[in-house]
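The chain contents come next:
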Amino acid sequence: MTLITIAIAAATLFLLAIVVSWILGWANIKFKVEVDPKIEEVTEVLPGVNCGGCGYLGCSDYAVAIVNDGVPITSCSVGGPACAADIAAIMGVEAGEMAASYAVVHCGSGLKERLQLTDYRGEKNCLAVSQVAGVQGCAYGCLGYGDCVNACKYDAIHVVDGLATVDYNKCIGCGACVRICPRGIIAVVPFHEAVIPKVACSNKDAGKDSRAVCKKSCIACKACTKLSEIFTIDGSLSKADYNSYEASKYDDVLKAVEKCPTKCIEFAGNGNP
């Protein structure tokens, strides 16, 4: 009797397994979502670093957005123009112009230029320090505790003399440093030339106030705007138009760099200006 019971149970389980397998197979066919083969093709040409610099969680999500939603194909700063061209070929569109993008730190003050520094003894990271008033006189500049260094997977940014400094031999423009900086002084910008000018200051206070906390702060004197068209004054701070800079404008920019009374205009990049 026991053997018969076991045999019946085994047969029942076997038949149940067949039925469930059939149901699952039917459901797989019935509810199958067709995936556009272009998504896989786009994913394959993307760099695969899943850095999130494009605004999506990873390369596969960005590929889906390109194919299904028609988002711009030039958002991958890591892949750069070559990657955009490959995606354009897959999608049958024009790639358009795309410059390689890298990180730029909008602060140029080392420890010797900063005024009103205090002896901070708390937790040694920028996020914690940024919540403590009066750590340094400038409430906009680099804190220098290296959150960006820890966030970078490519060893492309280091703290030198208290200032975050980009190594353009290693930077791929992923934007990890941008997202981690509590002061928002780092940006990934287009480099239409190997070396570009930048305003190495983020202090939005009036010239007199910013000068009181940093020797290298922008004072919005407008000298740069009179010498080069790529500079404009936004409130109390000069800004550079990265998209409009090209090599032909170098001479005018160099004059602006030399004329700047606080020397807060610098060149960023890999090579000679």
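Here the structure is shown first, and the text comes after it.
For clarity, every value in this text was computed on a predicted model and none was experimentally measured.

Check the secondary structure of the chain and you find ten helices and eight strands. Here the C-alpha atoms of the chain give a radius of gyration of 27 Å, more than 25% beyond the 19 Å that 2.2 N^0.38 yields for 273 residues. Once the C-alpha set of the chain is aligned to its principal axes, its extents read approximately 100 × 50 × 30 Å. Contacts in the chain between residues far apart in sequence, at least 24 positions, make up 60% of those at least 6 positions apart. Just so you have it, the chain exposes about 15,200 Å², and 57% of that area is on carbon and sulfur atoms. Across the chain, the mean location of the 24 positive side-chain charges is 11 Å away from that of the 28 negative side-chain charges.

This part covers the packing of helix α2 (residues 37-45) against helix α4 (residues 80-91). For the pair α2 and α4, the least separation of the axes is 9 Å and the interaxial angle reads 165°. With respect to each other, α2 and α4 are oriented roughly antiparallel. Every pair of crossing elements has a handedness; the one defined by α2 and α4 is right-handed. Contact with α2, carried on its side by K38, E41, V42 and V45, involves C83, D86, I87, I90 and M91 of α4 and no other residues of that element.

With that settled, consider α4. Spanning twelve residues, α4 covers 17 Å between terminal C-alpha atoms, matching the ideal 16 Å at 1.5 Å per step. Every buried residue of α4 is listed here: G80, C83, A84, I87, A88 and I90. Looking down the long axis of α4, one finds its buried residues gathered within 160° of arc, a one-sided arrangement. Away from the buried face of α4 by more than 90 degrees, exposed residues A82 and A89 are located. Against α2 and α3 (59-69) lie the buried residues of α4.

If you walk through the whole model with that rule in mind, you get six aromatic pairs. With centroids separated by 5.5 Å and ring planes inclined at 45°, the aromatic side chains of Y168 and F191 adopt a geometry described as tilted. Of this pair, Y168 sits in the loop between β3 (163-166) and α7 (176-180) while F191 sits in strand β4 (residues 186-191), and the two are 23 residues apart along the sequence. Neither Y168 nor F191 differs from the other in exposure class; each is buried. Their ring planes at 40° and their centres at 5.7 Å tell us that Y250 and F267 sit as a pair that is tilted. Taken together, the residues Y250 in helix α10 (residues 250-259) and F267 in strand β8 (residues 265-269) connect sequence positions 17 residues apart. In textbook terms, an aromatic cluster arises when at least three aromatic residues are bridged by ring pairs, as seen for Y102, Y168 and F191.

Attention shifts here to the nonpolar core. Ranked by internal contacts, the top residues of the largest apolar core, which has 38 residues, are V105, I157, I186 and F231. Looking at this core, the elements with two or more residues in it are β1 (100-105), β3, β4, β5 (195-199), β7 (237-240), α10 and β8. In this structure I186 touches A103, V104, V105, C148, I157, C177, V178 and C181, once residues within four positions along its chain are discounted. Of all hydrophobic cores here, the second largest spans 17 residues; its members include V71, C83, I87 and I90.

Below, the discussion takes up the side chain of S238. Within the secondary structure, S238 is located in strand β7. Not counting residues up to four positions away in its chain, the partners in contact with S238 are V199, C218, C224, F231, T232 and I233.

Negative charge collects at one region of the surface, where D36, E40, E41 and E44 lie side by side. In this fold, D36 is placed in the loop between α1 (2-30) and α2. On the accessibility criterion, D36 (31% relative accessible area) is partly exposed.

Thresholds, definitions, all that
Each chain carries its own residue numbering, running from 1 in the direction its sequence is written. Where totals are concerned, whole chains, interfaces and linings use all residues; where local detail is concerned, this predicted model gives features only for residues with pLDDT of at least 70, and gives and counts side-chain atom pairs only at 80 or more. Side-chain metrics in this entry use all non-hydrogen atoms of the structure; hydrogen atoms and water are not considered. Working definition: helices are DSSP H or I runs of at least four residues, strands are E runs of at least two. Numbering for both runs from the N terminus. Two things to know: the radius of gyration comes from C-alpha atoms, and the globule rule equals 2.2 Å times the number of residues to the power 0.38. Contact between two residues is taken to exist if any of their heavy atoms lie within 4.5 Å; hydrogens are not considered. Calculation of accessible area relied on Shrake-Rupley with a 1.4 Å probe; when residues are assessed, cover is drawn exclusively from the protein chains displayed. For the charge count, each Lys or Arg is scored as positive and each Asp or Glu as negative, with His and the chain ends excluded. Lysine's charge is taken at NZ, arginine's at CZ, aspartate's at CG and glutamate's at CD. For helices, the fitted line uses only the C-alpha atoms of the stretch in contact; every axis is such a line through C-alpha atoms, and the angle between N-to-C directions lies from 0 to 180 degrees. Any angle that falls under 35 degrees is termed roughly parallel, while one over 145 is termed roughly antiparallel, one within 65 to 115 roughly perpendicular, and all others oblique. By the definition used in this description, the sense in which the near helix is turned from the far one sets the handedness, with an anticlockwise turn below a right angle giving left-handed and a clockwise turn giving right-handed. Here, expected helix span is obtained from the residue count minus one, scaled by 1.5 Å. Summary of the burial criterion: residues with accessible area below 20% of their type's maximum are buried, those above 50% are exposed, and those between are partly exposed, where the area comes from a 1.4 Å probe applied to protein chains only. Throughout, the arc means that of the directions going from the helix axis to the C-beta atoms. Between the rings of Phe, Tyr and Trp (Trp by its six-membered ring), a pair exists once the centres lie within 6.5 Å; its type follows the angle of the planes, with under 30 degrees stacked, over 60 edge-to-face, and the other angles tilted. To form a nonpolar core, buried Ala, Val, Leu, Ile, Met, Phe, Trp, Tyr and Cys residues must be joined to one another through side-chain atoms within 4.5 Å. Like-charged residues within 9 Å of one another, or nonpolar side chains (Val, Leu, Ile, Met, Phe, Trp, Tyr) within 5 Å, are grouped into patches, provided each residue has over 30% relative accessible area and no salt bridge. By definition, a salt bridge exists where a carboxyl oxygen of Asp or Glu is found within 4 Å of a side-chain nitrogen of Lys or Arg.

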